[in-house]
Amino acid sequence: MGMLVGAVLLDLKTWRIPNSYIVLCSITAVFLLMREMGVWGCFIFLGRFLWPILLLYGVYLMGGLGAGDIKLLGVISTLMSSRIIIRLIVMSMVIGAAYGVFRWIKSGQLMLRCREICYQGFRCFHHEEKIHFYALEQGEEEIHFAVCIFIAYIFCICKEGAI
């Protein structure tokens, strides 16, 4: 949980999660896994670290997630089971999407954005054009996705009964 709190604070302050922080968290995770499993902990770390990154790489390429957020999920996955990490990823995506829709409602842009999405889908389906992904307009802010991951983490931990 400490890793996530640090990542949230960094994300809120600098709009990014630095690679140096990810490396520090990775060293901590490797140490914990090696203490528990011996040398095999290094191999376990690599496997658990890489699968969420590979899973979410397409979302990163589309601009849906930042690289730091994906690497943070990779580090967290080294210390939790795959089932919980999948739940955490899905819940954080739902929380992020809900927050984005809430911002559209608050700014009075929900209907406009829904029409744009429908229009893009129609053009893609009928004219076989590629969908142009949503681009931020000037003055719009991105979402601090580390906060969404942290909230999803709290929900997952509570569901597992650890708190």
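Data block above holds the structure.
Predicted model, so just to flag it, every value in this text is computed and none were measured.

Enquirer: What should I look at first to understand the overall build of the protein chain in this one?
Expert: A count of helices and strands for the protein chain gives seven helices and zero strands. Element order for the protein chain, N to C, with α for helix and β for strand: α-α-α-α-α-α-α. Expressed as a percentage of the 163 residues in the protein chain, the buried residues total 32%. Carbon together with sulfur atoms contributes 69% to the accessible area of the protein chain, which is approximately 10400 Å² in total.

Enquirer: Is there a simple way to explain helix α4 (residues 67-77) in this structure?
Expert: Burial analysis of α4 places nine of its eleven residues in the buried class, which makes it a mostly covered element. Buried within α4 we find G68, D69, I70, L72, L73, G74, V75, I76 and S77. If you follow the buried residues of α4, they end up packed against α1 (2-14), α2 (19-37), α3 (40-61), α5 (82-106) and α7 (145-160).

Enquirer: Just checking my understanding: could you explain α1 for this structure?
Expert: An α-helical turn contains 3.6 residues, so a residue and the one three or four places further along point in the same direction. Between its terminal C-alpha atoms α1 stretches 18 Å, which fits the 18 Å expected from 13 residues at 1.5 Å a residue. Those residues of α1 that fall on the buried side of the exposure criterion are M3, L4, G6, A7, V8 and D11. Among the structural elements, α2, α4 and α7 are those in contact with the buried residues of α1. Looking at the residues trailing α1, positive phi occurs at W15, about 65°.

Enquirer: It is not clear to me how the packing of α2 against α3 should be interpreted in this structure. Could you clarify?
Expert: When two helices pack together, their arrangement is given by the angle between the helix axes and by the axis-to-axis distance. Closest axis-to-axis distance for the α2/α3 pair is 7 Å, and the angle between their directions is 130°. Judged by the inter-axis angle, α2 sits oblique to α3. In this structure, the crossing between α2 and α3 has a hand that is right-handed. Between α2 and α3, the contacting residues are S26, A29, V30, L33, M34 and M37 on the first element and W40, G41, C42, I44, F45, R48 and F49 on the second. Class assignment of the residues belonging to the contact of α2 with α3 gives a composition of ten nonpolar, two polar and one charged.

The rules behind each value
Residues numbered from 1 in each chain as written. Predicted model: local features only at pLDDT ≥ 70, side-chain atom pairs only at ≥ 80, totals over all residues. Heavy atoms only, no water. Helix = DSSP H or I, 4+ residues; strand = E, 2+ residues; numbered from the N terminus. Buried < 20%, exposed > 50% of the residue type's maximum accessible area, 1.4 Å probe, protein only. Areas by Shrake-Rupley, 256 points an atom, 1.4 Å probe, with all protein chains shown as cover. Contact = heavy atoms within 4.5 Å. Expected span 1.5 Å × (residues − 1). Axes fitted to C-alpha atoms, helices over the stretch in contact; angles between N-to-C directions. Parallel < 35°, antiparallel > 145°, perpendicular 65-115°, else oblique. Left-handed = near helix turned anticlockwise from the far one by under 90°. Nonpolar A, V, L, I, M, F, W, Y, C, P; charged D, E, K, R; others polar.

None of the figures reported here should be taken as evidence of function without further support.
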